[in-house]
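Residue-level structure breakdown
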Amino acid sequence: MTTRLALACAALALAPAALAQSSVAVDRARGLPVGLSVPGTVAGAEEPTAVSVNPAGLGFVDGLALQYFYQHGRDDSGGNGLYLAAPLGPLVPGLALEWMSPAGSPRYLRSTLALALGFGQTFSMGYAWAFYSSPDPAWGALFSMDAGATLRPFRFLSLGASVLGMQARLAGQSLPVRYAFGGALRGGDGLAQLDLDLNADDQGRGAFITRNLQTTLSVNLELGLSLQAQALFPLREAQGALGATVYQLGLGLQQPHFGAVVAWNAVDDFGAPDSSGLVGLRLSARRYARSWLRRIQSLDLARELQRPSPIALIFGAEPDPYGTLLRRLRELRDDPSVSALVLRVGDELPLREGRIEELRAALLSVRERKPVVAYLAGGGTREYWLAAAAGEILAPPASVVTVNGLSSTRIFLKEGLSKLGVAFEAVTVGRYKSAPEILTRSGPSEPEREVVASLLDDRFGRLVRGVAEARRLPEARVRELVNQGVFTAEEARRQGLVDATLWPDQVEERLRAQGVGGFLATGLDTSGPRGARRWGPRPAVAVIRVEGAITAGRSRIDPFGGTIAGAETLTRALASAAGDGSVRAIVLRLESPGGDGFASAEIWRAVREARRQGKPVVASMGDVAASGAYLVAAGADEILAEPSTLTGSIGVFALKADLSGLLQKLGVGLFSDQRGEKARLDSPLKPWTPEERRLLERQLGSFYQQFVEAVAEGRKLPPPAVEEAAQGRVWTGAQALERRLVNRLGSLDDAVALAEQRAGLARGQAEVRRVDPRAGFPDDIAAGLGSLAAEGQALRALAEKLPEVRAASLLSEMGPVLALPPDWLGPAAER
């Protein structure tokens, strides 16, 4: 008895309360081959148990979910049920296995396969097929079908209907087909819900007889406690149990990914159709609710920012770990169960200054509501700058703290390539368009030196000011410390760079000594909340990522595991968002150095077309959004950048290899014939002729003027003002703001808020719908396998250290007209 009581209490402490269907209990009393009295109502079904209530409810399940129920009656009848839903996009397959031991009838296993088609949280329809197996041959031959539909036109209203038990015959006799019609009202943002169900059947003869009315009241209390009360009233006099009024009460506590419910039946004096108790458990991939257990959340940044494996991508893993981290930090900030945040900053992060500043802003937002502690176990200046956003910085006693400034290093390959007989030629438009210099020069040009110095001065000055403010040190003192560069943990503490030196297991003790309560939770729950928590159509802001070098064709994985932004894929994603009535605004998240000028222009035009269809478009820039990526942004209504974002670079160039010298060294003879003076314009086996070069200069000059005009139109600036900021020059976001190339400084969150405002929506009213602009499932497989093939190769490691190797690879991915900033080669270009 003590063991049973302990198990019941444990189940009660696990999760969501939901109430059994009284109407199923009545049907079972009538001897019908039904399953368990599982939770759910006709209009409110939205869990795996919908398989047995209204199969359309499966369409509202947006993540893998598993439920188990055990039911036992006073007459020793009962059963066990296992219910599974596994969404595949809008299609949601479901499975139910119910082992039933009814009183007075043979035992049977009811296996139900279901399939629902959901349209968001607005409409769903479903169908189910039930198969029976039993020691009794008549029961073992049973088969039936169910169908249902649910409509949720408003946030507060759900309407549902189901037909259960079609085609069921037992020992040659047709069993009653059961009908259910229901409505549900939800108020208080889901705090209370009232359901009303009307149940009827055809008596097995094609008639329509109303049987009973079922009403359910659900209330969600604090700490995840839920209460539900249900009553079933007969509408037609019948023999025995059919005249009974059934009452039920359910109680439970819910956790994000697991939970349980207990429910009890009570009946009046007319009889006892099914006096029983029900215990249920739930496991779910999506979060049902916030945790009610207070916790100290610990995050390892390097781990959270790690890209998912190719296999995980194939099976739908979130391809944007950085965006997921930002979303979860916002949720942690607003979650009252999180008492503090501990951030482990260790290995070098795959972020540059733009996203470092964006992440700093997110941490400062969390810090306004709860303590934030950074545990600095490695990294360099950028990692320290991020850690300085925390209220406290702790370091391991044996560690080294590195704050040695910023640098920019480029390798120039002209002389080395010439020894191999390889030469590169370039035609550039814009004094500062220096991207080809790595292949065409032996050292930087004066314009390149000017730009690099300007960028370093701007970003380094902001870093010094940020550290000085966070650590309460004079800026001059911070510069002195940066010049020293490397410190032991104890030296860093004495100099005021860190607050204390502690081993990892002492961090929790320090927080508890400061009065911070809760258990220590490691790792970030990156799952999203359950969609069914909010009914009805919801306006959306579509966030479309433009990530990687821009090229023609489809978005894909580059040979080194990065991403390539394909114009075909992105224009299709923009057109889809523009034509989607639920999407009220679009946010372009740009993390791209540019690329093929013509492909960039295609995407720019798609942005303009979306605006013409009445959709506001806001561009948000991360680490880099320059050249072709800036052209794309210029089509938006407004542009937001971080202060250290690299942007601008309004200019173009064409680049071509000349391998004729290499072939000559190898003793390879060449013979070429042609028809048309420019037939070999793009041949890598010859240099450009003077006439070919003049032709390219004219073509690129024309494209450059179109680029300037597009920016002037989008930014509402006169072309001369754009020309002053153009010439291929790269600016930081702060510098671009001064030159009116961007509208304001801000994060992706700020861009979403601005998009909502432009769409006439209240803050937070819209669903943020992150669009992964990939071509589809076959392309995901190809991309995943391609990335898997490149994983672990020595060439990939070389590319991280020598970005020029990566450049040579990407040249084959791009068209002949390129629009790239000086540091288009990625984070490895700066050390």
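These notes cover the structure that comes with them. (Residues numbered from 1 in each chain as written. Predicted model: local features only at pLDDT ≥ 70, side-chain atom pairs only at ≥ 80, totals over all residues. Heavy atoms only, no water.)

1. What about a nonpolar patch on the surface?
Together, Leu 64, Leu 66, Tyr 68, Tyr 70, Leu 82, Leu 84, Trp 99, Phe 258, Leu 281 and Leu 283 give the surface a local cluster of nonpolar side chains, amounting to about 840 Å² of exposed area. Going through the elements one at a time, strand E1 (65-73), strand E2 (78-85) and strand E16 (276-284) are the ones with two or more residues in the nonpolar patch. With three residues, E1 is the largest single contributor of residues to the nonpolar patch. When its relative accessible area of 49% is taken as the criterion, Leu 64 is described as partly exposed. (Patch = residues over 30% accessible without salt bridge, like charges linked within 9 Å, V, L, I, M, F, W, Y side chains within 5 Å. Areas by Shrake-Rupley, 256 points an atom, 1.4 Å probe, with all protein chains shown as cover. Salt bridge = Lys/Arg side-chain N within 4 Å of Asp/Glu carboxyl O. Helix = DSSP H or I, 4+ residues; strand = E, 2+ residues; numbered from the N terminus. Buried < 20%, exposed > 50% of the residue type's maximum accessible area, 1.4 Å probe, protein only.)

2. Some remarks on the packing of aromatic side chains
On inspection of all chains with the given rule, the structure shows ten aromatic pairs. Consider the rings of Phe 131 and Phe 143, whose centres lie 5.2 Å apart with planes at 45 degrees: the pair is tilted. Within this pair, whereas Phe 131 is found in strand E5 (residues 123-133), its partner Phe 143 is found in strand E6 (residues 143-154), the two being separated by twelve residues in sequence. Phe 131 gets classed as partly exposed once you look at its relative accessible area, which sits at 40%. An aromatic cluster of at least three residues, connected via ring pairs, comprises Tyr 108, Tyr 132 and Trp 139. For Arg 729, the ring lying beneath its charged end belongs to Tyr 432, and the centroid distance is 5.1 Å. (Phe/Tyr/Trp six-rings, centres within 6.5 Å; stacked < 30°, edge-to-face > 60°. Lys NZ or Arg CZ within 6 Å of the ring centre and 35° of its normal.)

3. Focus: helix H17 (residues 597-612)
Its 16 residues place the ends of H17 23 Å apart at the C-alpha level, agreeing with the 22 Å of an ideal helix rising 1.5 Å per residue. Buried residues of H17: Gly 597, Ala 599, Ser 600, Ile 603, Trp 604, Ala 606, Val 607, Arg 608 and Ala 610, and no others. Where H17 begins, one side-chain oxygen reaches toward the backbone nitrogen of Phe 598, 2.9 Å away; that side chain belongs to Asp 596. Of the residues one or two after H17, Gly 614 is the one with positive phi, at around 90 degrees. (Expected span 1.5 Å × (residues − 1). Polar contact = N/O pair within 3.5 Å; in protein donor to acceptor, adjacent residues only side chain to side chain.)

4. Examining the nonpolar core
Core analysis: the largest hydrophobic core is formed by 58 residues, its most contacted members being Leu 590, Met 621, Tyr 630 and Ile 650. Looking at which element gives the most residues to this core, the answer is helix H20 (residues 690-715), with nine residues. Once residues within four sequence positions are removed from consideration, Ile 650 is found in contact with Tyr 630, Tyr 704, Phe 707, Val 708, Val 711, Val 722, Ala 726, Gln 727, Gly 728, Arg 729 and Leu 741. Counting residues in each nonpolar core, the second largest holds 49 residues, with Leu 343, Leu 351, Trp 385 and Leu 386 among its members. (Core = buried A, V, L, I, M, F, W, Y, C linked by side-chain atoms within 4.5 Å. Contact = heavy atoms within 4.5 Å.)

5. Description of unusual backbone geometry
Positive phi, close to 55 degrees, is recorded for Arg 472, a residue that is not glycine. Position of Arg 472 among the secondary structure elements: in the loop between helix H12 (446-471) and helix H13 (475-484). For Lys 716, which is not glycine, the phi dihedral falls at a positive 55 degrees. As for its position among the elements, Lys 716 is in the loop between H20 and helix H21 (719-725). Residue class for Lys 716 comes out exposed when judged on its relative accessible area of 67%.

6. As for the pattern of salt bridges
In total, this model carries 51 salt bridges according to the counting rule given. Notably, a salt bridge pairs Arg 303 with Asp 300, separated by 3.8 Å at the nearest N-O pair. A single salt-bridge network, built from bridges that share partners, covers Arg 287, Arg 327, Arg 328, Glu 331 and Asp 525.

7. What about the packing of H12 against H13?
Pairs of packed helices are described in terms of their axes, by the angle between the two and the distance that separates them. Where H12 contacts H13, the two axes come as close as 9 Å, and the packing angle between them is 110 degrees. Overall, the two elements H12 and H13 adopt an arrangement that is roughly perpendicular. When the axes of H12 and H13 are compared, the crossing they make is right-handed. Packed against H12, whose contacting residues are Phe 460, Gly 461, Val 464, Arg 465, Val 467 and Ala 468, the element H13 presents Glu 475, Val 478, Arg 479 and Val 482 at the interface. (Axes fitted to C-alpha atoms, helices over the stretch in contact; angles between N-to-C directions. Parallel < 35°, antiparallel > 145°, perpendicular 65-115°, else oblique. Left-handed = near helix turned anticlockwise from the far one by under 90°.)

8. Remarks on the side chain of Gln 230
On the secondary structure map, Gln 230 appears in strand E13 (residues 225-234). For Gln 230, a relative accessible area of 4% puts it in the buried group. A polar contact of 3.0 Å, which involves the side chain of Gln 230, links it to the side chain of Thr 216.

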